[in-house]
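Inside the fold
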Amino acid sequence: SASKFMSLVLRHRPDTIGIELDAEGWVAVAELVEKSGGKLTDGLVRQIVRDNEKQRFALSEDGLDIRANQGHSVVVDLGLSAIKPPERLFHGTATRFIASIMDQGLKPGMRQFVHLSPDQETAIKVGQRHGKPVVLNVDAGALHSDGGSFYVSHNGVWLIGSVPARYLSVAD
Ligand code: HQG
């Protein structure tokens, strides 16, 4: 789909269509459209920004540039400030990853950050992408007290570099 294509080039592989994201992850909408190989139009891009159910994309204030709100594997500086998280956050994953996660903690993998959800329902949906879903409770209050830096993206996804296993428990 067009939104999947936008996620791919704005988060992971801008090189596949010969665009470059700036240091904060922005690219001109006009350039994205021009290099999309006919997959995108200006109107379609703006409609997806507006209607995307997870609000994955944002336009710059002047409406000329676009970026993904989170989920990047390419290194970008989203300009987010560290903020105090709620006492508890959630991470949805698949059952087959649990042993490794409880051994090594949550690692960002290909992405820049570990992604945490504000509620269990969202975490289950994230976990379902990978297989049989399971939700981990993250003791965000304790990790923050111990010096962990948390960020929240413009579409409400919590981000942190990693989560040591001692802050994790399997939700029941
Ligand atoms: C797992 C989607 C083994 C981790 C979602 C996850 C999210 C480990 C997978 C956003 C591990 C990485 C991100 C360890 C972590 N051992 N497995 N030590 N540490 N993992 O897709 O969080 O729809 O990179 O549990 O909604 O699933 O694309 O991360 O299962 O917000 O907008 O390694 O992507 O947003 O998978 O998803 P991902 P994620 P969008």
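Computed from a prediction, not measured in an experiment: that's the story for all the values here. Sequence order sets the numbering: in each chain, residues are counted from 1 along the sequence as written. In keeping with the predicted nature of the model, local features appear solely for residues at pLDDT of at least 70, side-chain atom pairs appear and are counted solely at 80 or more, and the whole-chain, interface and lining totals rest on all residues. The side-chain values count all of the structure's non-hydrogen atoms but skip hydrogen atoms and water molecules.

With that out of the way, let us pick up the side chain of Asn 155. Here Asn 155 lies in the loop between strand S7 (151–152) and strand S8 (158–160). We call a residue buried when its accessible area falls under 20% of the maximum for its residue type, exposed when it is over 50%, and partly exposed in between, using a 1.4 Å probe and counting protein chains only. Take Asn 155: its relative accessible area is 16%, and that puts it in the buried class. Nitrogen and oxygen atoms within 3.5 Å of one another constitute a polar contact, given that in protein one can donate a hydrogen and the other can accept it, and given that sequence-neighbouring residues count only through two side-chain atoms. In terms of polar contacts, Asn 155 uses its side chain to reach the backbone carbonyl oxygen of Lys 54, at 2.9 Å. Within the structure, the side chain of Asn 155 is placed 2.5 Å from the side chain of Ser 153, a separation counted as a polar contact. We call two residues contacting when some pair of their heavy atoms lies within 4.5 Å. Every residue in contact with Asn 155, bar those within four places of it in the chain, is listed here: Lys 54, Gln 55, Arg 56, Asn 69 and Gln 70. The numbering of helices and of strands both runs from the N terminus, where a helix is a DSSP run of H or I of at least 4 residues and a strand a run of E of at least 2.

With that out of the way, let us pick up the environment of Ser 1. Mapped onto the elements, Ser 1 comes out in the segment before helix H1 (2–12). A residue is classified by how much of its surface remains accessible, and Ser 1, at 69% relative accessible area, is exposed. Linking Ser 1 and Ile 101, residues 100 residues apart in sequence, is a C-alpha distance of 32 Å.

We now examine the site of the ligand. Being near a molecule or strand, for a residue, comes down to having at least one heavy atom within 4 Å of it. Arg 11, Lys 54, His 91, Ser 100 and His 130 are the nearest of the 19 residues found near the ligand. Between the ligand and the protein, one listed contact pairs an oxygen atom with a side-chain N or O atom of Thr 93 at 2.7 Å. His 130 is positioned such that a nitrogen or oxygen atom in its side chain is 2.6 Å from an oxygen atom of the ligand. All accessible areas in this document rest on Shrake-Rupley with a 1.4 Å probe, and a residue is counted as covered only by the protein chains that are shown. Surface burial for the ligand is 85%, taken as the share of its 790 Å² of free accessible area covered by protein chains.

Our next topic: the sheet that holds S7. On the basis of which strands lie adjacent, the open sheet formed by three strands has the order S5-S8-S7 and antiparallel pairing. Looking at which strands have only one partner, the edges of the open sheet turn out to be strand S5 (114–116) and S7. Bridge count between S7 and S8: two bridges; the pairing is antiparallel. Note that in S8 the partner of Val 152 across the bridge is Trp 158. Strands were regarded as paired on the criterion that DSSP finds at least two bridges between them.

What counts as a ring pair is set by centres within 6.5 Å for rings of Phe, Tyr and Trp (its six-membered ring), and what kind of pair is set by the plane angle: stacked under 30 degrees, edge-to-face over 60, tilted for all other angles. Within this structure, the stated rule accounts for one aromatic pair. Note on Phe 113 and Tyr 151: the rings are 5.8 Å apart at their centroids and 55° apart in plane angle, and the pair reads as tilted. Within this pair, whereas Phe 113 is found in the loop between helix H4 (98–104) and S5, its partner Tyr 151 is found in strand S7, the two being separated by 38 residues in sequence. With relative accessibility at 22%, the residue Phe 113 sits in the partly exposed group.

Don't take any of this as a statement about function, it's just geometry.
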